[in-house]
Amino acid sequence: MSLSSVGDRTRERYQATVPEHVRDRLEEHRPLLLVLPGLIAFSLFMFFPLAYTIYLSFTDAEPATVFQDGPGGLIGFFGLRGEESFVGLENYAAVFSDPTFWNSLGVTWLFVVCSVTLKVLFGVGIAMILTSDRVKGKRYMRSIIIIPWALPPIFTITIWSGIFSSAQFGLANQVAIFLGFSEQAWLNDRWMAFASYLLTEMWLAYPFMVIITVSALQAVSDELMDAAKVDGAGYFHRFWHVTVPSIKRPVMFAAILTAAASFTQFLIPYVFNRGGPNRANELIVLHGYQEAFNFNAYGAGAAIMMSAVVFIGAFMIVAVWKGRLAEGVDGP
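Residues numbered from 1 in each chain as written. Predicted model: local features only at pLDDT ≥ 70, side-chain atom pairs only at ≥ 80, totals over all residues. Heavy atoms only, no water.

J.: Report on the packing of helix H8 (residues 153-163) against helix H10 (residues 190-218), specifying residues and quantitative values.
T.: Packing of H8 against H10 brings their axes to within 10 Å, and their N-to-C directions diverge by 145 degrees. As H8 packs across H10, the resulting crossing turns out to be right-handed. Residues Pro 153, Thr 156, Ile 157 and Trp 160 of H8 form the contact with H10, whose participating residues are Thr 200, Trp 203 and Leu 204. A class-by-class count of the residues in the contact of H8 with H10 yields five nonpolar, two polar and no charged. (Axes fitted to C-alpha atoms, helices over the stretch in contact; angles between N-to-C directions. Helix = DSSP H or I, 4+ residues; strand = E, 2+ residues; numbered from the N terminus. Left-handed = near helix turned anticlockwise from the far one by under 90°. Contact = heavy atoms within 4.5 Å. Nonpolar A, V, L, I, M, F, W, Y, C, P; charged D, E, K, R; others polar.)

J.: Could you give an account of the nonpolar core, naming the residues involved and the relevant values?
T.: Ranked by size, the top nonpolar core spans 40 residues in total, and within it Val 210, Phe 263 and Ile 284 carry the most contacts. Taken together, the elements giving at least two residues each to this core come down to helix H4 (90-96), helix H5 (99-130), H10, helix H11 (222-230), helix H12 (235-263), helix H14 (284-294) and helix H15 (298-322). Broken down by element, this core gets its largest block of residues, nine residues, from H5. In this structure Val 210 touches Gly 123, Ile 126, Ala 127, Leu 130 and Ile 145, once residues within four positions along its chain are discounted. Among the nonpolar cores identified, the runner-up in size contains 17 residues, and Phe 111, Trp 160, Tyr 197 and Leu 198 belong to it. (Core = buried A, V, L, I, M, F, W, Y, C linked by side-chain atoms within 4.5 Å. Buried < 20%, exposed > 50% of the residue type's maximum accessible area, 1.4 Å probe, protein only.)

J.: Residue-level account of the side chain of Ser 165, with values.
T.: Structurally, Ser 165 is set in the loop between H8 and helix H9 (171-178). In this structure, Ser 165 is in contact with Gly 170, Asn 173 and Trp 186, ignoring residues within four places of it in sequence.

J.: Which residues make up the packing of H10 against H12, and what are the values?
T.: At a minimum axis distance of 9 Å, the contact between H10 and H12 shows a crossing angle of 150 degrees. In terms of axis orientation, H10 runs roughly antiparallel to H12. The two elements H10 and H12 meet at a crossing, and its hand is right-handed. Touching Glu 201, Phe 208, Met 209, Ile 212, Thr 213, Ala 216 and Leu 217 of H10 are Thr 243, Ile 247, Pro 250, Val 251, Ala 254, Ala 255, Leu 257, Thr 258, Ala 261 and Ser 262, all from H12. Split into classes, the residues belonging to the contact of H10 with H12 amount to twelve nonpolar, four polar and one charged. (Parallel < 35°, antiparallel > 145°, perpendicular 65-115°, else oblique.)

J.: Hey, could you go over a negative patch on the surface for me, with residue numbers and the actual values?
T.: Negative charge collects at one region of the surface, where Asp 133, Asp 222, Glu 223 and Asp 226 lie side by side. Structurally, Asp 226 is set in helix H11. The class for Asp 226 is partly exposed, based on a relative accessible area of 43%. (Patch = residues over 30% accessible without salt bridge, like charges linked within 9 Å, V, L, I, M, F, W, Y side chains within 5 Å. Areas by Shrake-Rupley, 256 points an atom, 1.4 Å probe, with all protein chains shown as cover. Salt bridge = Lys/Arg side-chain N within 4 Å of Asp/Glu carboxyl O. Lys, Arg positive; Asp, Glu negative; His and termini not counted. Charge placed at Lys NZ, Arg CZ, Asp CG, Glu CD.)

Below you can see the structure in the form of structure tokens.
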């Protein structure tokens, strides 16, 4: 029996069993039916952890109660629900009345502002060099520029933590001694540690900013540049009045994405000094992690994480709206 005959028999049985109007509806929605299984799996993968975190934020979950002898089946989230009790908004009230939470949130926003500023300035500066007619070997330089992006973040962060080692042999201390300064305990001082976070984050993220900016610079109109030169505009005038307006939207889009990444930064403060000294530099995600896993307050940790989701979501909406980055999305 050939495969074609089997297919013909299957088709005949399908047509004999399924009414014609149902077949027409299935045919009409065939694309949706094809992607529906993957869409369901993706939705479960993305939204179930979020829903579970929301649930934990309203409970007194801790290691002694979560996952412990809870109800089974759907009511028990298939074993994910334990003996934790529903406490309503108590976790959120406790979190919002905790000074360490507000310190963490303030440090996080300061980190975002400083980090994004450094990444934009450094990324745009490197991109201007890579697109200059006076620079030779730009193709090879672009390949070298993206190397930090290709390395595993934990590897790069570990290297940078060694650079800022308080020991005399640390590279940062070696540079300080060479310049005539004394060696520093970089990660034991709040603002020195904060500066080390910024430099490391800039190193991790600047290749993305460079790639976006180089693409935008290559689209700048040569006619506008030539007209500006004819009008007698110098280099900085051309940059400010021609280049910047032309690349503003792509750079702003990249800046918003990197701002979101900076807001959720966890590895750098965790690897460097656990957000120290004395929790002074705990970024918001690390703060939630510490509450959940170091202080065994899963409910409070979940409340902190959900608060972070709300803050970053509001920031993204306002940034896209104010930056007018969604204009024309619903247009023809």
